[in-house]
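# Chains, contacts and geometry: an overview
Listed below are the residues making up each chain.
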Amino acid sequence: MFSALSLAFASIVLYYSNNIDQMQVLGQVTYEVHIQPGSSQPATPNPYNPTVLPALANESVQVGSTVTWINDDQTFHTVTSGDALTGPDGKFDSGILSPLQSYPWTFNSAGTFSYYCTIHPYMRGWVRVG
Ligand SMILES: [Cu+2]
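Keep in mind that what you see is a predicted model, and the values were worked out from it rather than measured.

### Thoughts on the pairing of strand 9 (residues 111–116)
Side-chain direction in a regular strand flips from residue to residue, so the side chains alternate between the two faces of the sheet. For strand 6 (residues 80–83) and strand 9, the ladder comprises two bridges, and the chain directions are antiparallel. Each residue of the ladder has a partner; that of Ser81, found in strand 9, is Tyr115. The sheet contact formed by strand 9 and strand 10 (residues 124–129) spans six bridges and is antiparallel. Bridging from a neighbouring strand, Phe113 pairs with Val127 of strand 10.

### Here's the deal with the environment of Val63
As for its placement among the helices and strands, Val63 is situated in the loop between strand 4 (52–53) and strand 5 (66–71). Taking the C-beta count within 10 Å as the criterion, Val63 has 14 such neighbours and is therefore assigned partly exposed. Remark: the alpha-carbon pair of Val63 and Phe107, spanning 44 residues in sequence, is separated by 5.9 Å.

### Details of unusual backbone geometry
Residue Pro50 is bonded to the preceding Asn49 through a cis peptide linkage, with omega at 5°. The residue Pro50 is located in the loop between strand 3 (48–49) and strand 4 in this model. Of note, the amide linkage connecting Leu53 to Pro54 takes the cis form, showing an omega dihedral of -10°. As for its placement among the helices and strands, Pro54 is situated in the loop between strand 4 and strand 5. One non-glycine residue, Asn46, lies in positive phi territory at about 45°.

About the cut-offs
- Residues numbered from 1 in each chain as written.
- Predicted model: local features only at pLDDT ≥ 70, side-chain atom pairs only at ≥ 80, totals over all residues.
- Pairing = 2+ DSSP bridges.
- Helix = DSSP H or I, 4+ residues; strand = E, 2+ residues; numbered from the N terminus.
- Buried ≥ 20, exposed ≤ 12 C-beta atoms within 10 Å, placed from the backbone.

On their own, these measurements won't tell you what the molecule is for.
Next comes the structure, spelled out in structure tokens:
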């Protein structure tokens, strides 16, 4: 009986979460950043899309939220905290992401986090948490 109720509840949550952009789970919001097709070429705009998350300047990612990067390109990339000039800062690192692979990271503190691709250092992005 209990498990049947749990299953019904989970189905309802799944049904509704599939119909909104930002999935609300226990008060936390999840976000997606897409690695754009062609990102291995320096001329490709916004290789991490959105380049700055959240895209709206007056918003920020809630502390405790998970951001998932999805490699929509046809080659390998990384999501590595830090920047190309000073190198990885050790906060998070996806390692090599194959095409269609994704990488989730939960931000448990406020701040502006910069990241880049160690294979293509001109790929840069930021997450504003607070
Ligand atoms: Cu890359």
